[in-house]
Amino acid sequence: MDLQEIKLKDLDPKRFIEEKTNEISFIVGDEIAVNALSGGVDSSAVTMLGHNALGAKLETYFIDNGIMRQGEPERVVSIFKELGVPIELIDAKSEFFNALKGLKDPEEKRQAITDAFYRDVFVRLVKESGAKFLLHGTNYTDVEETVAGIKRQHNILEQLGIDTQEAYGYKVIEPLIQLRKSAVREVARALGLPEEIHKRPPFPGPALAARVIGEVTPERIELVRKATAIVEEELQHTGAFQYLAVLHEDRVTGIRGGKREFGMQMEVRCWESTDAVTGTPTQLSFDVLEKLGRRITEEIPSVVSVTYNIAHKPPSTIEAV
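Attention in this report is confined to the structure presented alongside it. (Residues numbered from 1 in each chain as written. Predicted model: local features only at pLDDT ≥ 70, side-chain atom pairs only at ≥ 80, totals over all residues. Heavy atoms only, no water.)

### With respect to the packing of helix 10 (residues 218–235) against helix 11 (residues 286–299)
At a closest axis distance of 10 Å, the pairing of helix 10 and helix 11 adopts a crossing angle of 150°. For the element pair helix 10 / helix 11, the angle class is roughly antiparallel. Relative to helix 11, helix 10 is oriented so that their crossing is right-handed. Along the contact surface, helix 10 presents I230, V231, E233, E234 and L235, while helix 11 presents V288, K291, L292, R295, I296 and E299. (Axes fitted to C-alpha atoms, helices over the stretch in contact; angles between N-to-C directions. Helix = DSSP H or I, 4+ residues; strand = E, 2+ residues; numbered from the N terminus. Parallel < 35°, antiparallel > 145°, perpendicular 65-115°, else oblique. Left-handed = near helix turned anticlockwise from the far one by under 90°. Contact = heavy atoms within 4.5 Å.)

Rendered as structure tokens:
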């Protein structure tokens, strides 16, 4: 991999912002660029860089793919509206769920999300806008994991030999590609993004689809969405790097009302990490784990089992799929 990382200790956020703002402005020139905002720290930092560099020449969309967290599309659009950045909310739920229908293999699901995003939804938006460029929140770890064959990140294109101009009709600009997550957070803070954004736990590009083992359906997404809300509420004060819920595929035996019930199994993961390259399970107290188990099984009646992941990364990974 010929990419040179800018390590956190070597990063001057203000200088980086100035350089990337000028770079984006020079590359785009008098053309129009488009940008997809997800609310994560990477896409949020890129949105602010693009807005500062291009102003009205940047058209930013939030793609509501149906696999985001509870209330996320509306909340993110509201935050950026307060920052003076106009965001257009695009309803693309049907395109994504149709693309995922019947798929269980993790790589096939990730590829389906990539295709739905770039080939279907964004090609349409690019044609309508006349844009020649797409701003991308790709970071160094995304490229590293994909090139190493660990996990295909949906936003990796040119690094896999994909000519985006030929395939999709636009050129990709990746201002954050030399930074890992910890460095991106410092840039986001320097850009004036609120703590709610720059301290936000990492969230995968495939969104909640990365936390559903097996087929991704609206019903199964809703289960993991509810569990995610509980996990984030209970673990937000731990200081952990990331915490999440994973829905397993097979039903397991449970008991409700004195009768046997075949229900779902939810897995909780909570990680200590600095760069997402390695990770250690957070040593949560049993009281916290017990409360998580009780809340998830009581508030999501179809779930009868809750487990906690205690494997390190590697051999595990932070996200399940």
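On we go from here.
### As for unusual backbone geometry
A negative phi angle characterises most non-glycine residues, just as the trans form characterises most peptide bonds. Between K313 and the following residue, P314, the backbone shows a cis peptide bond with an omega angle of -15°. Position of P314 among the secondary structure elements: in the segment after strand 10 (303–308). In this structure, the amide linkage connecting P314 to the following residue, P315, adopts the cis form with an omega of 10°. Tracing the backbone shows P315 in the segment after strand 10. The phi dihedral of A207 is positive, around 55°, even though this residue is not glycine.

### Some points on the packing of aromatic side chains
For any pair of aromatic rings, the description consists of the separation of the ring centres together with the inter-plane angle of the planes. Under the criterion given, the structure shown has three aromatic pairs. Relative to Y118, the ring of F117 lies with its centre 4.8 Å away and its plane at 75°, an arrangement referred to as edge-to-face. Taking relative accessible area as the criterion, F117 reaches 12% and is therefore assigned buried. Assessed through its relative accessible area of 1%, Y118 is described here as buried. Joined through ring pairs, the aromatic side chains of Y61, F117, Y118 and F122 make up one cluster. The ring of F203 has R69 lying over it, and the distance from NZ or CZ to the ring centre is 3.9 Å. (Phe/Tyr/Trp six-rings, centres within 6.5 Å; stacked < 30°, edge-to-face > 60°. Buried < 20%, exposed > 50% of the residue type's maximum accessible area, 1.4 Å probe, protein only. Lys NZ or Arg CZ within 6 Å of the ring centre and 35° of its normal.)

### Here's the deal with the sheet that holds strand 2 (residues 58–64)
By way of backbone hydrogen bonds, the strands of a sheet pair with one another, either parallel or antiparallel. The parallel open sheet is built from five strands, whose spatial order is 3-2-1-4-5. Where the open sheet ends on each side, the last strands, each with one partner, are strand 3 (87–91) and strand 5 (171–173). Strand after strand, the sheet turns through a mean of 30° between neighbouring axes, direction not considered. Here strand 1 (residues 33–36) pairs with strand 4 (residues 133–135) via three bridges, running parallel. If you follow V34 over to strand 4, its bridge partner there is L134. Of the strands in this sheet, strand 1, strand 2 and strand 4 are in contact with helix 2 (residues 41–54), which crosses strand 2 at around 155°. (Pairing = 2+ DSSP bridges.)

### Comments concerning the pattern of salt bridges
If you walk through the whole model with that rule in mind, you get 27 salt bridges. Where D64 meets K93, a salt bridge forms, and the shortest distance between an N and an O atom there is 3.3 Å. Placement of D64 in strand 2 and of K93 in helix 4 (residues 93–100) is noted, with a sequence separation of 29 residues between them. Among the residues examined, K93 registers a relative accessible area of 33% and is labelled partly exposed. For K199, the salt bridge goes to E195, with nearest N and O atoms at 3.9 Å. Judged on exposure class, the residue K199 and its partner E195 are both exposed. One salt-bridge network, held together by shared partners, links E233, E234, K291, R295 and E299. (Salt bridge = Lys/Arg side-chain N within 4 Å of Asp/Glu carboxyl O.)

### A few points about the nonpolar core
Ranked by internal contacts, the top residues of the largest apolar core, which has 88 residues, are I63, F80, F122 and M266. With ten residues, the single largest contributor to this core is helix 5 (residues 106–129). Aside from chain neighbours lying at most four places away, what touches M266 is L223, V224, A227, A245, V246, L247, I296, V303, S305, V306 and T307. Among the nonpolar cores identified, the runner-up in size contains six residues, and F241, L244, W271 and A276 belong to it. (Core = buried A, V, L, I, M, F, W, Y, C linked by side-chain atoms within 4.5 Å.)

### Things to note about the side chain of K109
Along the polypeptide, K109 turns up in helix 5. The buried charged residue K109 lacks any salt bridge partner; its closest oppositely charged side chain belongs to E249, at an N-O distance of 7.8 Å. The residues touching K109, leaving out its near neighbours within four places in the chain, are L100, L103, K104, A209, V212, I213, G214, V216 and V321. (Lys, Arg positive; Asp, Glu negative; His and termini not counted.)

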